[in-house]
Amino acid sequence: MTTQSEDNNVGRRGFLKRVIMGAGLILGYGTGASYAIQFLLPRKRKAKFRKMLVASLSELPPNGSKSFKDLSGREMILVNSDAGLKAISTTCTHLGCKAYWEADNDRFFCPCHDGVFDVNGQVVSGPPPRPLDSYDVEVDENDNVFVLLLEG
Ligand code: FES
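Predicted model, so just to flag it, every value in this text is computed and none were measured.

The rules behind each value
- Counting restarts for each chain: residues are numbered from 1 in the order of the written sequence.
- Given that this is a predicted model, residues contribute local features only at a pLDDT of at least 70 and side-chain atom pairs are listed and counted only at 80 or more, while totals for whole chains, interfaces and linings are drawn from all residues.
- Water and hydrogen atoms play no part in the side-chain values, which are based on all heavy atoms of the structure.
- Segments assigned H or I by DSSP are reported as helices when at least four residues long, segments assigned E as strands when at least two residues long, and all are numbered from the N terminus.
- For every residue, the accessible area (1.4 Å probe, protein chains only) is compared with the maximum for its type, and the residue is labelled buried under 20%, exposed over 50%, or partly exposed between those bounds.
- It only takes one pair of heavy atoms within 4.5 Å for two residues to be counted as in contact.
- Here a polar contact is recorded for every N or O atom pair within 3.5 Å, except that within protein the pair must consist of a potential hydrogen donor and a potential acceptor, and residues adjacent in sequence are included only if both atoms are side-chain atoms.

Asker: Where do I start with the environment of Ser65 in this structure?
Answerer: Structurally, Ser65 is set in strand E2 (residues 65–69). A relative accessible area of 36% means that Ser65 is categorised as partly exposed. For the pair Ser65 and Val124, spaced 59 residues apart in sequence, the C-alpha to C-alpha distance is 20 Å. With near-sequence residues (within four places) excluded, Ser65 lies in contact with Leu60, Ile77, Leu78, Val79 and Trp101.

Here you go:
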């Protein structure tokens with residue numbers, strides 16, 4: 001025969017066990033649901049750019065250019081054309097040969113298979129399947145020329 005006090009203790013213990021089990025289930029399923037939502041609906045990440053000081057405007061007369069390398073060592077060229085300042089990768093999009101800026105012809109030329117690109121890097125003729133990679137350019141109040149490179 002149990003007393004009233006023992007019945008209350010068993011009842012409290014049972015209730016406490018159920019509360020703890022319920023909290024554990026909620027935490028477990030909640031964590032799982034959180035991961036499932038992150039997997040199904042990934043957050044959009046903003047692209048991060050890094051400004052790289054490449055030249056001063058005084059180094060770039062009209063139709064002038066300056067070669068430089070980005071942070072990962074890819075060769076690029078900064079061109080001061082009639083269309084403005086352009087930062088273009090010199091890696092041809094066909095098979096990766098080096099394209100050259102031809103100031104007299106206002107174009108990029110890849111000698112490997114006669115690929116021709118305009119000053120914006122758009123394909124004019126030849127086998128390249130897409131434009132040369134191009135990057136935004138900014139000039140500050142002190143005439144410093146920066147290229148905005150995508151951080152990888
Ligand atoms: S690699 Fe440049 S045109 Fe073929």
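Asker: Help me out: how do you make sense of the side chain of Thr93 in this one?
Answerer: Within the element layout of this structure, Thr93 appears in the loop between strand E4 (84–89) and strand E5 (100–102). Polar side-chain contacts of Thr93 include one of 2.5 Å to the backbone oxygen of Arg130. Contact partners of Thr93, with chain neighbours within four places excluded, come to Phe117, Pro128, Pro129, Arg130, Pro131 and Leu132.

Asker: What is the right way to read the environment of Phe108 from this model?
Answerer: Locating Phe108 in the fold gives a position in strand E6 (residues 107–110). Taking C-alpha positions, Phe108 is 21 Å from Leu149, a pair spaced 41 residues apart along the chain. For Phe108, the contacting residues outside a window of four places in its chain are Ile77, Val79, Ile88, Tyr100, Trp101, Gly115, Val116, Phe117, Asp118, Val119 and Leu132.

Geometric values such as these leave the question of function open.
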